[in-house]
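What the coordinates show
Given next are the chains, with one letter for each unit.
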Amino acid sequence: MSNLKMKEAALIYLDRSGGLQKFIDDCKYYNDSKQSYAVYRFNILVNPSDIVELDAELGNHILHKPLKAAQVFQSVCFTAVKTLSLIGQLQTETQINIVLKLTHLPPLRSYILDLCEFPLDYASQRFYMMQGIVIAMTTVTKYTQGARFLCSDEACPLSKGFQYIRVHVPGATESATVRNDFLCNLCSSSLQEDRKFRVLGDKQIVEIITAKALHAFRGYSKNQPFRFQSLTIFLRGNPLAWMNRKNHYSVMAALKRKEKMTELCVHSYSSYLALTKVPSGISDNFRYLLSLTSSSCWKFTAILANIFASQIVPPGTYNLLKLCLLMSLVQTSDRNKELKDCLDILIITSDTLLVDRLLNFSINLVPRGIRHLVSTEIFPTLSRNKYGTGAVSIQAGSALLAKGGICFIGDLASHKKDKLEQLQSVVESRNITVYIPGKKFGDGVNQQMTFPVQCSFWSFVDMDSSSRKNMQKTNTLIGQMDCLKIFIFLVMQSRCLFTRNYYLNRHQNKNKIQETIRRQFNSEGLEETVKYKENKEDRNKLLAFAKNLNVEFSLEAERMIHGYYLASRRIRTDSISGSKLSASALKYLVSLAEAHARLNLRSKVLKEDALIAALLFETSLTLKYGATVFCVAPNAVFPFELYNEEYLEQRDIYLTQCQQQLQQFITTYGPGTALFTSDE
């Protein structure tokens with residue numbers, strides 16, 4: 001009676017939810033198909049809340065005994081097929097394979113699988129939900145969803161029909177579904193598979209880690225030992241439509257203990273759209289600071305750069321580098337969307353220890369800040385699948401793991417020539433192609449998979465030690481000059497911001513820091529007014545708010561960006577090597593201007609933002625190619641040390657003069673001038 005009541009409830013739910021009509025449409029597809037099927041697979045969308053309200057016992061079966069619940073729906077569907085004559089070829093109930101896809105799980109702790117908490121409940125084969133990040137996956141292979149077996153004795157009545165049907169169930173291996181040692185229950189003869197009725201499906205294996213494990217890739221452990229372990233998930237059905245490598249996912253799956261491996265048999269999923277909610281605003285301190293600097297489009301970002309990372313460097317030092325880091329940070333994304341406007345930074349410095357600390361501090365301000373280790377790979381690599389499915393396993397590198405964030409690859413001198421060439425190609429194209437040789441992996445057919453690289457790269461070059469290191473790498477880099485050409489070529493061809501530390505030696509740097517500290521403590525100007533002290537919570541809210549702003553260009557800013565790009569391209573073009581500026585340089589200029597507008601908490605890019613973008617870009621070009629007609633000082637963005645409000649005013653006056661010079665440069669060499677040909 002209890003089973004009959006659940007069947008009635010299942011039928012009522014299918015009728016009310018529209019599932020019955022979808023089932024009828026699926027049956028029509030099978031009935032019209034010319035292919036022979038041993039098993040008919042149906043996906044049924046189930047809302048647990050609605051089921052529980054309709055019948056509590058059936059709802060409990062769906063949540064805690066999904067295999068038994070599937071049998072209830074299987075019986076109902078078989079009765080519907082026979083009653084309505086939906087599939088003429090169907091003979092037995094076992095030929096129907098029901099897959100329940102849940103819309104959600106109750107928001108209770110017992111339904112959440114947290115890999116960081118122990119003990120884990122391996123006993124109950126029910127649905128769990130976990131949030132995680134894919135770190136590796138195999139290529140898509142086939143598996144047997146269902147097969148038909150016949151008795152080998154032709155005199156046996158079970159040598160015909162569909163009495164022996166094998167259907168894959170969650171947690172089962174391929175050998176459990178199809179074997180050659182099955183015996184007939186009637187005559188004990190061996191069973192043979194009728195291969196023309198075998199039903200195949202797509203299968204993919206992925207490895208997933210909890211989002212909490214990302215701190216293991218950030219270069220610090222808070223002086224506490226830690227470990228993390230990936231979980232193996234088997235995706236069946238249509239895995240290519242489900243998984244996007246390096247996305248953040250919420251997975252609802254049935255957990256099953258199998259030998260020494262925990263297998264998650266996935267039935268449904270939902271894409272995790274955001275790691276954090278969009279903040280409602282910024283702190284009162286920054287709101288007050290923004291109001292005080294509202295008369296200028298440059299003061300607010302200057303102060304942010306001045307006080308940024310005060311735990312690492314004293315306020316007032318490395319302002320240009322800190323501004324670039326902040327602009328790169330606000331161009332990252334917390335949301336599961338395509339990141340188009342990356343800002344890559346390459347730093348030439350003689351103080352690698354301090355720069356390394358500053359960059360490592362900064363990558364911890366974004367959810368996907370990854371510090372690449374030399375012992376690991378930046379980009380995907382191939383390995384043999386350890387689960388014996390015959391598919392190749394693609395292990396993600398640091399770049400794909402940092403999707404939407406920052407990949408800090410450290411000193412370029414620590415990477416080999418081939419890796420630098422690969423990095424150069426990826427930075428330019430923003431995608432990586434993995435080639436899978438068929439002879440070594442798979443069935444002899446060569447394959448290739450392309451993944452978008454949606455992160456910003458940070459790196460530095462130690463100029464004091466690069467010569468010595470490169471001379472020792474003759475086997476790999478063929479001497480110092482070849483290596484330097486690789487570095488410069490990488491910067492020339494990529495959309496990479498090229499900054500330099502202008503402190504000549506440690507003695508001078510030490511004196512400058514001491515002088516900065518003295519002035520900071522003695523200053524009674526803007527420091528007292530706007531509270532120079534950086535607050536961690538305020539800073540994080542500010543960055544979160546800034547990078548979620550949707551910005552658009554004003555007409556003046558757009559004209560200035562395009563005018564500067566065309567003028568700069570014109571004066572850096574010769575008849576032998578052509579233009580030194582690629583088309584991607586324009587996109588990078590746009591990203592710089594957008595980043596400065598976001599850091600100013602504005603939704604519109606102004607010509608003042610375009611000026612900062614042009615100055616930063618021109619400084620980078622000057623370091624690579626030398627000065628031109630538009631001569632920009634190395635410290636153009638920060639011509640004065642920001643000790644008080646007076647220095648901020650002087651900086652605004654200087655930047656206003658730079659803006660006039662830029663406009664004159666565009667007027668002289670930009671589009672519409674006599675220097676341009678019709679093609680240009």
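Just so it is clear, the structure is predicted and the values come from calculations on it, not from any experiment.

Attention now goes to the overall build of the protein. Across its full length, the protein holds 22 helices and 23 strands. Counting all 680 residues of the protein, 52% fall into the buried class. For the protein, the exposed area adds up to about 32,200 Å²; of that, 52% sits on carbon and sulfur atoms.

Time to look at the nonpolar core. Residues L329, W458, Y564, L615, F617 and L662 are the most contacted members of the largest nonpolar core, which totals 81 residues. If near-sequence neighbours (up to four positions away) are discounted, F617 is found in contact with Y564, L581, A585, Y588, L589 and L592.

On to unusual backbone geometry. In the Ramachandran plot, S188 falls in the positive-phi region, its phi being about 65 degrees despite a non-glycine side chain. Residue position: S188 is located in the loop between helix 6 (174–177) and strand 6 (191–193). Taking relative accessible area as the criterion, S188 reaches 52% and is therefore assigned exposed.

Turning to the confidence of the model for the protein, a few remarks are in order. Taken over all residues, the pLDDT of the protein has a mean of 79, while the share at 70 or more is 77%. In this model residues 257–278 is a low-confidence stretch, pLDDT under 50, and it forms 76 contacts with partners more than four residues away in sequence or in other chains. Here residues 674–680 is a poorly scored stretch, pLDDT under 50, and it has eleven contacts once near neighbours within four places are set aside; other chains count.

What follows concerns the pairing of strand 11 (residues 344–349). Taken across its six residues, strand 11 has six buried, putting it largely inside the fold. Note that strand 11 and strand 18 (residues 456–462) share five bridges and pair parallel. Directly across from I345, in strand 18, lies its bridge partner W458.

A few words on the environment of A633. Tracing the backbone through its elements, the reader meets A633 in the loop between helix 21 (607–625) and helix 22 (645–669). Taking C-alpha positions, A633 is 9.2 Å from T622, a pair spaced eleven residues apart along the chain. Each residue touching A633, except ones within four places of it in the same chain, is listed here: T619 and Y654.

The next point concerns helix 2 (residues 19–32). End to end, helix 2 covers 20 Å across 14 residues, agreeing with the expected 20 Å (1.5 Å per residue, within 8%). Taken together, the buried residues of helix 2 touch helix 1 (2–17), strand 1 (40–46) and helix 5 (66–84).

Its place among the elements puts T138 in strand 3 (residues 127–138). When its relative accessible area of 3% is taken as the criterion, T138 is described as buried.

With that out of the way, let us pick up the pairing of strand 14 (residues 392–395). Here three bridges tie strand 3 to strand 14, and the two strands are oriented antiparallel to one another. The partner of A136 across the bridge, within strand 14, is Q395. Pairing of strand 13 (residues 381–384) with strand 14 involves four bridges; the strand directions are antiparallel. By the bridge assignment, R384 is partnered in strand 14 with V392.

Attention shifts here to the packing of aromatic side chains. For any pair of aromatic rings, geometry is given as the distance between the ring centres together with the angle between the planes. Applying the stated criterion across every chain, the model contains 17 aromatic pairs. Summarising the aromatic geometry, the rings of Y30 and F42 are spaced 5.5 Å apart at their centres and angled 75 degrees between planes, so their arrangement reads as edge-to-face. With a gap of twelve residues between them, Y30 in helix 2 and F42 in strand 1 connect regions that are remote in the sequence. Each member of the pair Y30 and F42 is classed as buried. When the ring of F630 is compared with that of F665, the centres are 5.1 Å apart and the planes differ by 20 degrees; the resulting orientation is stacked. Here the residue F630 occupies a position in the loop between helix 21 and helix 22, and F665 occupies one in helix 22, the gap between them amounting to 35 residues. You'll find F630 and F665 in the same group, each marked buried.

A separate point is helix 4 (residues 56–64). Buried within helix 4 are the following residues: L58, G59, H61, I62 and L63. Buried residues along helix 4 sit in contact with helix 1, strand 1, helix 3 (48–54), helix 5, strand 2 (96–102) and strand 3. A side-chain oxygen of the first residue of helix 4 lies 3.2 Å from the backbone nitrogen of E57; this N-cap is D55.

Glancing now at the environment of G404. Mapped onto the elements, G404 comes out in the loop between helix 11 (398–401) and strand 15 (406–411). The class for G404 is buried, based on a relative accessible area of 7%. For the pair G404 and R368, spaced 36 residues apart in sequence, the C-alpha to C-alpha distance is 6.6 Å.

To continue, consider the pattern of salt bridges. Any two side chains of opposite charge can pair, on the condition that their charged atoms come close. Evaluation of the coordinates by the stated rule reveals 15 salt bridges. A salt bridge links D356 to R371; the nearest nitrogen and oxygen atoms lie 2.8 Å apart. Of this pair, D356 sits in helix 10 (residues 352–363) while R371 sits in strand 12 (residues 369–371); the two residues are 15 residues apart in sequence, bridging distant segments of the chain. Since its relative accessible area comes to 19%, D356 is described here as buried. Among the ionic pairs, R572 bridges to E618, the shortest N-O distance being 2.8 Å. Of this pair, R572 sits in the loop between helix 19 (555–571) and strand 21 (573–574) while E618 sits in helix 21, placing them 46 residues apart in sequence. Judged by relative accessible area, E618 falls into the buried class, the value being 0%.

What follows covers the packing of helix 19 against helix 22. Two elements in contact, helix 19 and helix 22, have axes separated by 9 Å at closest approach and are oriented at 60 degrees. In this view, helix 19 runs oblique relative to helix 22, as classed from their interaxial angle. Of the two possible hands of crossing, helix 19 and helix 22 adopt the one that is left-handed. On helix 22, the residues that touch M560, G563, Y564, A567, S568, R570 and I571 of helix 19 are Q659, L662, Q663, F665, I666 and Y669. Looking at side-chain class alone, the contact of helix 19 with helix 22 contains eight nonpolar, four polar and one charged residues.

Turning to its location among the elements, L359 is positioned in helix 10. Judged by relative accessible area, L359 falls into the buried class, the value being 0%. Residues L359 and A309 lie 50 residues apart in sequence; the distance between their C-alpha atoms is 9.8 Å. Setting aside its immediate chain neighbours within four residues, L359 contacts L325, I347, F408, W458 and F460.

With that out of the way, let us pick up the state of the cysteines. Between two cysteines, a covalent bond joining their sulfur atoms is known as a disulfide. Evaluation of the coordinates by the stated rule reveals zero disulfides. Cysteine C184 shares no disulfide, and the gap to the nearest cysteine sulfur, in C187, comes to 3.8 Å.

The rules behind each value
Residues numbered from 1 in each chain as written. Predicted model: local features only at pLDDT ≥ 70, side-chain atom pairs only at ≥ 80, totals over all residues. Heavy atoms only, no water. Helix = DSSP H or I, 4+ residues; strand = E, 2+ residues; numbered from the N terminus. Buried < 20%, exposed > 50% of the residue type's maximum accessible area, 1.4 Å probe, protein only. Areas by Shrake-Rupley, 256 points an atom, 1.4 Å probe, with all protein chains shown as cover. Core = buried A, V, L, I, M, F, W, Y, C linked by side-chain atoms within 4.5 Å. Contact = heavy atoms within 4.5 Å. pLDDT = per-residue confidence, 0-100. Pairing = 2+ DSSP bridges. Expected span 1.5 Å × (residues − 1). Phe/Tyr/Trp six-rings, centres within 6.5 Å; stacked < 30°, edge-to-face > 60°. Polar contact = N/O pair within 3.5 Å; in protein donor to acceptor, adjacent residues only side chain to side chain. Salt bridge = Lys/Arg side-chain N within 4 Å of Asp/Glu carboxyl O. Axes fitted to C-alpha atoms, helices over the stretch in contact; angles between N-to-C directions. Parallel < 35°, antiparallel > 145°, perpendicular 65-115°, else oblique. Left-handed = near helix turned anticlockwise from the far one by under 90°. Nonpolar A, V, L, I, M, F, W, Y, C, P; charged D, E, K, R; others polar. Disulfide = S-S within 2.5 Å.

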